[in-house]
Every structure is written in C-alpha cells, then in structure tokens.
Amino acid sequence: GAVVSQHPSWVICKSGTSVKIECRSLDFQATTMFWYRQFPKQSLMLMATSNEGSKATYEQGVEKDKFLINHASLTLSTLTVTSAHPEDSSFYICSARGVDSLIYGYTFGSGTRLTVV
Amino acid sequence: GEDVEQSLFLSVREGDSSVINCTYTDSSSTYLYWYKQEPGAGLQLLTYIFSNMDMKQDQRLTVLLNKKDKHLSLRIADTQTGDSAIYFCAEGTSNLYGNKLVFGAGTILRVKS
C-alpha cells in the first residue's frame, strides 16, 4: 500500500533556530501534500496544501513566512519552521495524495514532535 | 463552512461493541472517512464510505451513514484493548484549490480489560 515517510519523528531545537521536516511518498507519486498541526488532545489543523512545482496554499491564519513549504518533486515535500519559538511546539503531520488514487487517497506520515526550548 | 463534530470520549469493556458518532455540515462531501491515531503516531485510514452509500462493513468495522441527517457512525465489534486510540471522523470537501479533508476533534476510545 501507499507509504509516506516523515522525518524526523521528533526534534528539540533552541528558540530562534529553524527546523526542517521532510515528508516523502515512498511508493507513489504525490501530486498534492498536506501539512497539519496537532495540539495536545485536539484535532488536526490544516496548515497548507502544496502541489508539486507550485507555491503552497496556506490556510487562513497560517504565516507563510514562518512555515515555509517546498514541494519540489512528486515524492518530497518539506516544511521549514523558521525562527522557531516555544509556541511553535506541536505535533506536525503530513499527508499525501497520489495522482492515481481512486478516492482522495490520503496517506499520512507518522508525525514529527517539535519542541522548542 | 465545513464543520465536523464528534463526541470526545468513549469507554467500553473488552469484548463489547463501540459506537463512535460524528456529524458533518457539508452536504456536498463525496467521501467520509474514519481514521485511527495511536499515541505519538500519524493517522491510519480505517475505512471510508461514499456519500451515496448507507452502510459499509469491513470485518469488525461497520460504518453507517445517514445523509439526510449528515450523521456518520463507526461501530467496532468485539472491541479489543488494541483498539484504544483516538478516532477521527473526516469529510472530503472541495474548494477552489482542490480537495481537502476536514477533521472532527477526535474521540478518545478507552477499552477496559
């Protein structure tokens, strides 16, 4: 089945530094990737949608300069949290949709726990 | 706008059936989904149902859809301790930018042995 690999699974960084999270589709081509943020005991909040080769579409309230998304190939999308602050600490999850999916075909990565100290 | 609501917590005994309920607002949703999330992990697609279906059964899982009331339920038969997790209901919606999923807040299922 479709597999999405997300790395790192957890990261601790100092306030003011940048962190990059990778999301790879291992056995299919992902025309669209989604980035979510999840707070403890809360649902997933869609941050942005990225299509291969074009600029990401950000949801209302999400700072595009803060959360840089690059979807340079059909198998890789990256989320960079720039100048991270403690309030950016969260669980970030990516999902990917393939071009041949019968339905939306969303496959999720295993998530990245970001802690900013 | 789109909104998905579900009960926040359910506790059952091992071997009993679990029923998790969900309501949604977008009548144009084509697909509705149930996802499972175990602690510290991503989301695993459990099952989905087309909006023109009333019921779908997959082993221990039964999904019921009442499109008129925009109500979706997930029944887990013979619930096991390994079923303890958070269950998310999601509807597939379309906008100018394409398709996306809108999630409910998640239902924490606790199975007591």
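For the structure, see preceding data.
Residues numbered from 1 in each chain as written. Chains lettered and ligands numbered in written order. Predicted model: local features only at pLDDT ≥ 70, side-chain atom pairs only at ≥ 80, totals over all residues. Heavy atoms only, no water.

A. Looking closely at the sheet that holds strand 3 (residues 18-24) of chain B. Residue and element names in this part refer to chain B. Taken in spatial order, the five strands make up an open sheet running 1-3-8-7-6, and their pairing is antiparallel. With one partner strand each, in any of the chains shown, strand 1 (4-6) and strand 6 (55-58) form the two edges of the open sheet. Here the strands of the sheet are splayed against their neighbours by 15 degrees on average, with no regard to which way each runs. As paired strands, strand 7 (residues 61-66) and strand 8 (residues 71-76) are joined by six bridges and run antiparallel to one another. Its bridge partner lying in strand 8, V63 is registered against L74. (Pairing = 2+ DSSP bridges. Helix = DSSP H or I, 4+ residues; strand = E, 2+ residues; numbered from the N terminus. Axes fitted to C-alpha atoms, helices over the stretch in contact; angles between N-to-C directions.)

B. A look at the pairing of strand 4 (residues 31-37) of chain B. Residue and element names in this part refer to chain B. Burial analysis of strand 4 places seven of its seven residues in the buried class, the great majority of the element. Here strand 4 shows a buried face lined by Y31, Y33, Y35 and Q37 and a second buried face lined by L32, W34 and K36. Where strand 4 lies against strand 5 (residues 43-50), seven bridges are found, and the strand directions are antiparallel. Note on strand 5: the bridge partner recorded for Q37 is L43. Connecting the antiparallel pair strand 4 and strand 5 is a turn made up of five residues, with G40 showing a positive phi of about 70 degrees. (Buried < 20%, exposed > 50% of the residue type's maximum accessible area, 1.4 Å probe, protein only.)

C. Broad picture of the sheet that holds strand 7 (residues 67-73) of chain A. Residues and elements named next belong to chain A. Taken in spatial order, the four strands line up as 1-3-8-7 in an open sheet, and their pairing is antiparallel. Pairing within the sheet leaves two strands with one partner each, and these edge strands are strand 1 (4-7) and strand 7. The mean angle between the axes of side-by-side strands here comes to 15 degrees, regardless of whether they run parallel or antiparallel. In the sheet, strand 1 pairs with strand 3 (residues 19-25) via four bridges, with the strands oriented antiparallel. In the strand pairing of strand 3, V4 is matched with S25.

D. Looking closely at the state of the cysteines. All names here are of chain A. As enumerated under the stated definition, the model contains two disulfides over all chains in all. Each disulfide pairs two cysteine sulfurs, and for C23 the partner residue is C94, the sulfurs being separated by 2.0 Å. Its S-S torsion of approximately 80 degrees makes the covalent link between C23 and C94 right-handed. Separated by 71 residues along the polypeptide, C23 in strand 3 and C94 in strand 9 (residues 90-98) bring together distant segments of the chain. On the basis of relative accessibility, which here comes to 0%, the residue C23 falls in the buried class. Looking at C94, the relative accessible area reads 0%, which means it is buried. (Disulfide = S-S within 2.5 Å.)

E. View of the pattern of salt bridges. All names here are of chain B. Applying the stated criterion across every chain yields a total of five salt bridges over all chains. One salt bridge in this structure joins K36 and E38, with 3.4 Å as the shortest N-O distance. Looking at K36, the relative accessible area reads 9%, which means it is buried. Residue class for E38 comes out partly exposed when judged on its relative accessible area of 38%. K68 serves as the salt-bridge partner of D69, at 3.7 Å between the closest nitrogen and oxygen. We classify K68 as exposed; its relative accessible area is 75%. (Salt bridge = Lys/Arg side-chain N within 4 Å of Asp/Glu carboxyl O.)

F. How the structure looks around the interface of chain B and chain A. At the junction of the two partners, chain B supplies 22 residues and chain A supplies 19 residues. Between chain B and chain A, a total of about 1,700 Å² is buried, with carbon and sulfur atoms accounting for 61% of that surface. Taken together, chain B and chain A are joined by three residue pairs in polar contact (both at pLDDT 80 or more). Sorting the residues of the side of chain B that touches chain A by element identifies strand 4, strand 5, strand 9 (85-95) and strand 10 (98-103) of chain B as the ones contributing at least two each. A class-by-class count of the residues in the side of chain B that touches chain A yields 12 nonpolar, nine polar and one charged. (Contact = heavy atoms within 4.5 Å. Buried area = accessible area lost by both parts, 1.4 Å probe. Polar contact = N/O pair within 3.5 Å; in protein donor to acceptor, adjacent residues only side chain to side chain. Nonpolar A, V, L, I, M, F, W, Y, C, P; charged D, E, K, R; others polar.)

In short, geometric facts, not functional conclusions.
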